[in-house]
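# A closer look at the structure
Residue-level listing of the chains:
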Amino acid sequence: MDILTWTYIIVGLTFVLYIFIAIKTRASSTKEFYIAGGGVSPIANGIATAADWMSAASFISMAGLISFMGYDGSVYLMGWTGGYVLLALLLAPYLRKFGKYTVPDFVGDRYYSQTARLVAVVAAIFISFTYVAGQMRGVGIVFSRFLEVDINTGVVIGMIIVVFYAVLGGMKGITYTQVAQYCVLIFAYMVPAIFISLQLTGNPIPQLGFGGTLDDGTYLLDKVDGLLTELGFTAYTSGSKEMIDVFFITAALMVGTAGLPHVIVRFFTVPKVKDARKSAGYALLFIAILYTTAPAVGAFGIYNMITNINDKKIDSLPAWVQNWQKTGLIKIEDKNLDGRILYQNDKLKNELTIDKDIMVLANPEIAGLPNWVVALVAAGGLAAALSTAAGLLLVISTAISRDLLKNALAPNISEKKELLFARFSAIFAVIVAGYFGVNPPGFVAEVVAFAFGLAAASFFPIIIMGIFSKRMNKEGAIAGMIVGLLFTLGYLIYFKFLNPTLNNKDNWWFGISPEGIGTLGMVLNFLVSIAISIFTPAPPKHIQDLVEEIRIPRGATSAVIH
Amino acid sequence: MINDIKNEDHSRSAYWRANIKILAYLLIIWFTTSFLFGIVFVKELNLIKMGGFKLGFWFAQQGAIYVFILVIFFYVWRMNKLDKEFDVDE
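### Re the overall build of chain B
Looking only at helices and strands, one finds 3 helices and 2 strands in chain B. Along its sequence from the N terminus, chain B presents helices and strands in the succession α-α-β-β-α. Taken over the C-alpha trace, chain B has a radius of gyration of 19 Å; the compact-globule value for 90 residues is 12 Å, which it surpasses by more than 25%. Each principal axis of the C-alpha atoms in chain B carries an extent, and together these give about 65 × 20 × 15 Å. The buried share of chain B, reckoned over its 90 residues, is 32%.

Below is the structure:
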């Protein structure tokens, strides 16, 4: 059977599975809709968090990104995993003990202020929307690439599927769907990686093959370093970014991860405090399977590209190169007309352009795997895109129905009405996200990366201080959030939209790029909120008691008599 | 009765101090393996080779992530023990 038929069969089967699960586990109360009833086992929540976390970009683009960035790509590897340590140690257990449904819930209650709640709602919606718009576009691209439909048709198909299970299932439905999606995506990622690793290094474990030797006895990484330097690039294992920038970007991504509402909310779904801690560990474990494989795939990929294409005759290229040329992901232009392809850092001489996504997409063919594996990769990419989109949409709908409606506008609304409203907000969120997926504003791709910086500069510090400082008050928290957000947003807008020509390290403050500025925003948030809180009244007694209470794992039954 | 409450307050703050201490140690490990080994001292560590890997590069792309996982699972184990010691477990 050909690839397209296999793709339709496998993708079709996985969709039937997701919808089946969504129907089986649909939400029947607001608690189930918002936090899956609080009864998810730590392992299941860990798996669901991993699927929620790993987007189409992690699945399709990250390995390729790293293969062109070499060492510099480490910012993504450490940045998008290290945040789970912060989550597990500093946030998840205490937020679980707090026991409400959303991040704005915590901010509003802990800082005894509707203003603080409102600032948090706006930040949560803004961060999630910028993030989800990119995801919907990703869904469209994956559909169009694998099912050979138009990107916009792809976005619409994706919207219909997501509406179906997010609206019906709520958090409970998407959690169990995400468990299935994780299994699909990790299997699809690992099979080609294992075979490529075997083919190149004789070691079936990509993480070890990464440091293994090639047929001629040289180490893979030494070989890649040598090949790249010869062609005029920086060696693979040494980067070209400044150290301070690598440091700040990594920190912004880590802290941002720990401040993203759609990640934090996952830890509200487990029954106990100790489950929240354990669950963060499982989440990272399941994420790490892909995240430690990706850099290996990246190194294998760049090695395969260079040795199979560079300096080879144009009419005797391997079949997979010719296949991917048709999609435009590999572009060849014989500038010096010598009938051979030259890969060079010098843009004027270079004759080969490779899209980063090829490093994952072409793997099955390079490894000579059967057509159904190619179809599996398609299903994996879709699983990654859909699970992330659903998680984000749920945060948006929760922010609208719970934080805005129930907690601010109409506190007396009945549970049934709130649930209905939550479902409508989910539909509304999907439609808005779908609109941006079909008509992507030019800056969406950029802004997605900045969602991390904004989360780092707004939520992370005030949640941390809400737990670790009894003295932190509403004045400090509100000022800190606003200063952190405005500073980070201002720096981003200045360099990315107002003066893109100045966006280079000569003009950056202290050599920190817009990608890393969230770290400085976070520091400012901490400083401003501490300074302001010193000069303003301490929080009332019942808030200090609340802080005491969330620090202790044992439930409300053994609360102290005051 | 008053004494009970005082004791409980006392043990609660002792529990919290013990928790902070564990956190501090673990965050030092977290910071050292990623930011120090993987970024600040990456050039120096790259002079050491471990199989086919330069050590600094390995920490940045593999090692730090393994350490993160160990840090979290150690924390889970240690805190479960601490919760029992201070009788605050669920």
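### Here's the deal with the overall build of chain A
Broken down by element type, chain A carries 22 helices and 2 strands. Since a compact globule built from 562 residues should have a radius of gyration of about 24 Å, the 24 Å found for chain A is in line with a globular shape. With respect to the principal axes defined by its C-alpha atoms, chain A has extents near 85 × 55 × 40 Å. Here chain A holds 562 residues, and 57% of them are scored as buried. Restricting to contacts in chain A with at least 6 residues of sequence separation, those with at least 24 account for 81%.

### Some thoughts on the interface of chain B and chain A
Facing 37 residues of chain B, the contacting portion of chain A comprises 44 residues. Among the elements of the structure, α1 (2-40), β2 (53-54) and α3 (55-85) of chain B are those that each provide at least two residues to the side of chain B that touches chain A. Here the side of chain B that touches chain A gets 16 residues from one element, more than from any other, and that element is α3 of chain B. A class-by-class count of the residues in the side of chain B that touches chain A yields 23 nonpolar, 8 polar and 6 charged.

### Structural notes on helix α7 (residues 114-147) of chain A
Residues and elements named next belong to chain A. The terminal C-alpha atoms of α7 lie 48 Å apart, and with 34 residues this matches the ideal 50 Å at 1.5 Å per residue to within 8%. Counting buried residues along α7, 24 of its 34 residues qualify, which places the element largely inside the surrounding structure. Just past α7, the residue Glu-148 takes up positive phi, approximately 55°.

### Quick look at the nonpolar core
Counting 216 residues, the largest nonpolar core has Leu-185 and Leu-393 of chain A as the members making the most contacts within it. Of all the elements, helix α17 (residues 371-409) of chain A adds the most residues to this core, at 22 residues.

### A short note on the environment of Ser-29 of chain A
Residues and elements named next belong to chain A. Within the element layout of this structure, Ser-29 appears in the loop between α1 (3-24) and α2 (30-35). Along the primary structure Ser-29 and Phe-15 are separated by 14 residues, whereas in three dimensions their C-alpha atoms are 25 Å apart. If we ignore the near neighbours within four places in the chain, the residues touching Ser-29 are Glu-415 and Leu-419.

### A word on the environment of Ile-550 of chain A
All names here are of chain A. Inspection of the secondary structure assignment puts Ile-550 in helix α22 (residues 541-550). For the pair Ile-550 and Gly-484, spaced 66 residues apart in sequence, the C-alpha separation works out to 26 Å. Filtering out sequence-adjacent residues up to four positions away, Ile-550 remains in contact with Tyr-94, Lys-97, Phe-98 and Ile-467.

### Describing helix α3 (residues 42-53) of chain A
All names here are of chain A. End to end, α3 covers 16 Å across 12 residues, agreeing with the expected 16 Å (1.5 Å per residue, within 8%). For α3, a buried count of 11 out of 12 residues is recorded, marking the element as mostly surrounded by other parts of the structure. Within α3, burial applies to Pro-42, Ala-44, Asn-45, Gly-46, Ile-47, Ala-48, Thr-49, Ala-50, Ala-51, Asp-52 and Trp-53. In this structure, the buried residues of α3 make contact with α8 (151-201), α12 (261-264), α13 (273-309) and α17.

### What to know about the confidence of the model for chain A
A low pLDDT means the predicted coordinates there should not be read in detail. Predicted confidence across chain A gives a mean pLDDT of 89, with 97% of residues reaching 70 or more. Every residue in residues 556-562 of chain A scores below 50 in pLDDT, and together they form 5 contacts with partners more than four places removed in sequence or on other chains.

### Concerning unusual backbone geometry
Most peptide bonds adopt trans geometry, and most residues besides glycine take a negative phi value. Residue and element names in this part refer to chain A. Phi is positive for Ala-36, close to 55°, though the residue is something other than glycine. Note on placement: Ala-36 falls in the loop between α2 and α3. With 26 C-beta atoms counted inside 10 Å, the residue Ala-36 sits in the buried group. One non-glycine residue with positive phi stands out, namely Leu-337, at about 55°.

What counts and how
Residues numbered from 1 in each chain as written. Chains lettered and ligands numbered in written order. Predicted model: local features only at pLDDT ≥ 70, side-chain atom pairs only at ≥ 80, totals over all residues. Helix = DSSP H or I, 4+ residues; strand = E, 2+ residues; numbered from the N terminus. Rg over C-alpha atoms; globule rule 2.2 N^0.38 Å. Buried ≥ 20, exposed ≤ 12 C-beta atoms within 10 Å, placed from the backbone. Contact = placed C-beta atoms within 7 Å. Nonpolar A, V, L, I, M, F, W, Y, C, P; charged D, E, K, R; others polar. Expected span 1.5 Å × (residues − 1). Core = buried A, V, L, I, M, F, W, Y, C linked by C-beta atoms within 7 Å. pLDDT = per-residue confidence, 0-100.

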